[in-house]
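# Topology and contacts: notes
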Amino acid sequence: MSVKYTNEHEWVRVEGDVGTIGITNYAQEQLGDVVFVEVPAVGRKVAKGESVAVVESVKAASDIYAPVSGEVVEANAALADSPGDVNAEPTGKGWFFKLRLSDKTELDGLMDEAAYDAFVKSLG
Amino acid sequence: MTETAAGPLKRTPLHALHRELGARLVPFAGYEMPVQYPTGILAEHAQTRAAAGLFDVSHMGQVRLTARPGRSAAKALEALVPGDIAGLQPGQQRYTQFTNETGGILDDLMVTSTGDHLLLVLNAACKDADLAHLQKHLSSACEVEPMFSRGLLALQGPQAAQALARLAPPVATMKFMTGAYVVIDGIECYVTRSGYTGGDGFEISTPADAADTIARKLLAQPEVKPIGLGARDSLRLEAGLCLYGHDIDTTTTPIEAGLLWSIGKERRAQGGFPGATVIQKQIAEGAPRRRVGLLPDGKAIAREGAEIAIAGKVVGKVTSGGFAPTLGRAVAMGYVERARSANGTKVELVVRGKPVPAEIAAMPFVKHAYYRG
């Protein structure tokens, strides 16, 4: 199992050929209170970098991009009733969707935890 | 230092306090302002609806108009606004708008008569233009005195009165839309029972060097917590109140905006303010479009700029939209053609390219709770 990060502040946790995707603690802090999450339909095929979900805070809507290509195999339906999970547990209960990865080599282009931490620090 | 193209951001007298309280500061109308404190917008919104919240609105513009000998400041101001200013009794406050020659709104403002002068509160982004407008048109009749460095605190919520009355007992019996000079902690302030959250509350104008002290005294009351501009926006949206530059601007008239109530009967008849002929015509015949409330089905949020459509045909645009924490749902307001503006009309709001079913609904979304004695 490995966790990788994008510079759009998404994380992907890979188990076998399935990646679970959410946003980082830094991202949820920047967004503030999350009040709505639009998750993708199961079966949708998405390309790396494609806008797949939307997270709405009180102030603004933000797109969530697929960190890697694949097919949506599960979406977190619980977020419809408890969008605050994204704030409370961004890397736990607040996950957005799961993808069956179509090209695992795409993971190589993402940051590991140390690189992501350094990236966040560089943002000040 | 944070800088913009227009130069360094200005700071209010409460800047150090915001920092101390852990506010997230953002550029707003040329000022560095708190958008939220660590508890977050939802908690701050709930705090203001349930107890009391303290907002720093010192970025807004305060102006004093004092009549020159033999002149009337109220009569002079009526040449620029459609509100009944001459009819204000000492201590009375009124909401009105600066209009332009086509009936559009240059800014909306609060006017209070103290008996011997008028006190105006203007939007931060408009205050320099408003001041120039006032000086150009009123200087022969009045002394136009900007007081832009003064502090302005808004204490809002059902427990605002008990909290403020502990420091200044006379405020307990003040009624909505009245004002008075009140001594708070030994400092003379001008207090009005008003605000922009739809609830009970006060706005407190303080000398610049006393704002911090008074804010800390208020925050020391058990009912009061600091609230940022994020919650101020969600509170005013729930209350169905217009935000200048969004729901009203130079292209919207007070009639289109649903602000006819703010124009006195005599002034409707007599005119004598910029754009009067346009506004009087709209009063008589109806405006081509109207500001309406919108309740989308489901949870998607239609924000400013989203198109309003009926059966695929665009009939208007959302001017403010967001999550209403008190209701736990999305709400919006916008303009539609008058023929399509009846409550209950089914429309679609186009959110990220997708039509979301919605209904035109009465405002306010959350009932006003002003203190009328």
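Presented here is an overview of the structure given in this document. These numbers come from a predicted model, not from an experiment.

With that out of the way, let us pick up the overall build of chain B. A count of helices and strands for chain B gives nine helices and 21 strands. C-alpha atoms of chain B, sized along the principal axes, occupy 60 × 50 × 45 Å. Counting over 373 residues, chain B shows a buried share of 57%. Put simply, of all contacts in chain B between residues at least 6 apart along the chain, 65% involve residues at least 24 apart. Summed over its atoms, the accessible surface of chain B is roughly 15,000 Å², and 54% of this surface lies on carbon and sulfur atoms. For chain B, the separation between the mean place of its 40 positive charges and that of its 35 negative charges on side chains is 5 Å.

Another aspect to go through is the nonpolar core. Residue and element names in this part refer to chain B. In terms of nonpolar packing, the biggest core is built from 31 residues, with F55, V57, Y95, I248 and L259 touching the most fellow members. Listed by contribution, the elements that provide at least two residues to this core are β8 (105-113), β11 (151-156), α7 (229-238) and β19 (329-337). Apart from residues lying up to four places away in sequence, F55 is in contact with T48, L152, L153, A154, Q156, T197, I227, G228, R232 and L235. Ranked by size, the runner-up nonpolar core spans 28 residues in total, among them A160, L164, A165 and M174.

This part takes up the sheet that holds strand β5 (residues 45-46) of chain A. All names here are of chain A. Spatial ordering of the open sheet is given by β1-β2-β3-β9-β8-β5, a layout of six strands whose pairing is antiparallel. What marks the edges here is a single partner per strand, and that holds for β1 (2-5) and β5. Summarising the sheet, strand β3 (residues 18-23) and strand β9 (residues 97-101) pair through four bridges and their orientation is antiparallel. Counterpart to G19 in the pairing with β9 is L99.

The two faces of the sheet receive side chains in turn, since in a regular strand these alternate between them. Residues and elements named next belong to chain A. Most of β3 is tucked away, with six of its six residues classed as buried. Here β3 shows two buried faces, one formed by V18, T20 and G22 and the other by G19, I21 and I23. Alignment of strand β2 (residues 10-15) against β3, held across six bridges, turns out to be antiparallel. In the sheet register, E10 faces β3, and the bridge partner there is I23. A loop of two residues connects β2 with β3, the two strands running antiparallel in sequence, and G16 in this loop sits at a positive phi of about 65°.

At the interface, 15 residues of chain B touch 16 residues of chain A. When chain B packs against chain A, the two sides together hide about 1,300 Å² of surface, and 48% of this comes from carbon and sulfur. A per-residue breakdown of the area chain B buries against chain A is headed by K299(B), R303(B) and R352(B), which together make up 41% of the total. Counting every contact that joins chain B to chain A gives six salt bridges. Between E38(A) and K354(B) there is a salt bridge, with its nearest N and O atoms 3.0 Å apart. The tally of links from chain B across to chain A stands at 13 residue pairs in polar contact (both at pLDDT 80 or more). Secondary-structure elements contributing two or more residues to the side of chain B that touches chain A are α2 (41-50) and α7 of chain B. For the side of chain B that touches chain A, the element with the most residues is α2(B), which contributes three residues. Grouping the constituent residues of the side of chain B that touches chain A by class yields six nonpolar, three polar and six charged.

Turning to the pattern of salt bridges, a few remarks are in order. Scanning the model with the defined rule gives 30 salt bridges over all chains in all. Taking the shortest distance from any N to any O, the salt bridge between D233(B) and R236(B) comes out at 3.0 Å. Taken together, the positions of D233(B) and R236(B), both in helix α7 and three residues apart, correspond to about one turn of that helix. A salt bridge links D247(B) to R236(B); the nearest nitrogen and oxygen atoms lie 2.8 Å apart. Of this pair, D247(B) sits in the loop between α7 and α8 (265-270) while R236(B) sits in helix α7, placing them 11 residues apart in sequence. Grouping residues by exposure puts D247(B) and R236(B) together as buried. Among the charged side chains, a salt-bridge network with shared partners connects E38(A), E56(A), R303(B), R352(B) and K354(B).

All names here are of chain B. Taken as a whole, helix α9 (residues 276-285) has its buried residues at A276, I279 and Q282. Projection of α9 onto a plane perpendicular to its axis shows the buried side chains occupying an angular sector of 130°, all on one side. Structural note: α9 exposes T277, A284 and E285 on the side pointing more than 90 degrees away from its buried face. On its buried face, α9 sits against β7 (93-99).

Residues and elements named next belong to chain B. If you trace the backbone, R150 turns up in the loop between β10 (142-146) and β11. Nearest to the buried, unbridged R150 among oppositely charged side chains is E188, at 7.0 Å. Among the polar contacts made by the side chain of R150, one reaches the side chain of S205 at a distance of 2.7 Å. Discounting residues that sit within four places of it in the chain, R150 has contacts with S58, Q62, E188, Y190, S205, T206, P207 and A208.

Conventions adopted
- Residues numbered from 1 in each chain as written.
- Chains lettered and ligands numbered in written order.
- Predicted model: local features only at pLDDT ≥ 70, side-chain atom pairs only at ≥ 80, totals over all residues.
- Heavy atoms only, no water.
- Helix = DSSP H or I, 4+ residues; strand = E, 2+ residues; numbered from the N terminus.
- Buried < 20%, exposed > 50% of the residue type's maximum accessible area, 1.4 Å probe, protein only.
- Contact = heavy atoms within 4.5 Å.
- Areas by Shrake-Rupley, 256 points an atom, 1.4 Å probe, with all protein chains shown as cover.
- Lys, Arg positive; Asp, Glu negative; His and termini not counted.
- Charge placed at Lys NZ, Arg CZ, Asp CG, Glu CD.
- Core = buried A, V, L, I, M, F, W, Y, C linked by side-chain atoms within 4.5 Å.
- Pairing = 2+ DSSP bridges.
- Buried area = accessible area lost by both parts, 1.4 Å probe.
- Salt bridge = Lys/Arg side-chain N within 4 Å of Asp/Glu carboxyl O.
- Polar contact = N/O pair within 3.5 Å; in protein donor to acceptor, adjacent residues only side chain to side chain.
- Nonpolar A, V, L, I, M, F, W, Y, C, P; charged D, E, K, R; others polar.
- Arc of directions from axis to C-beta.

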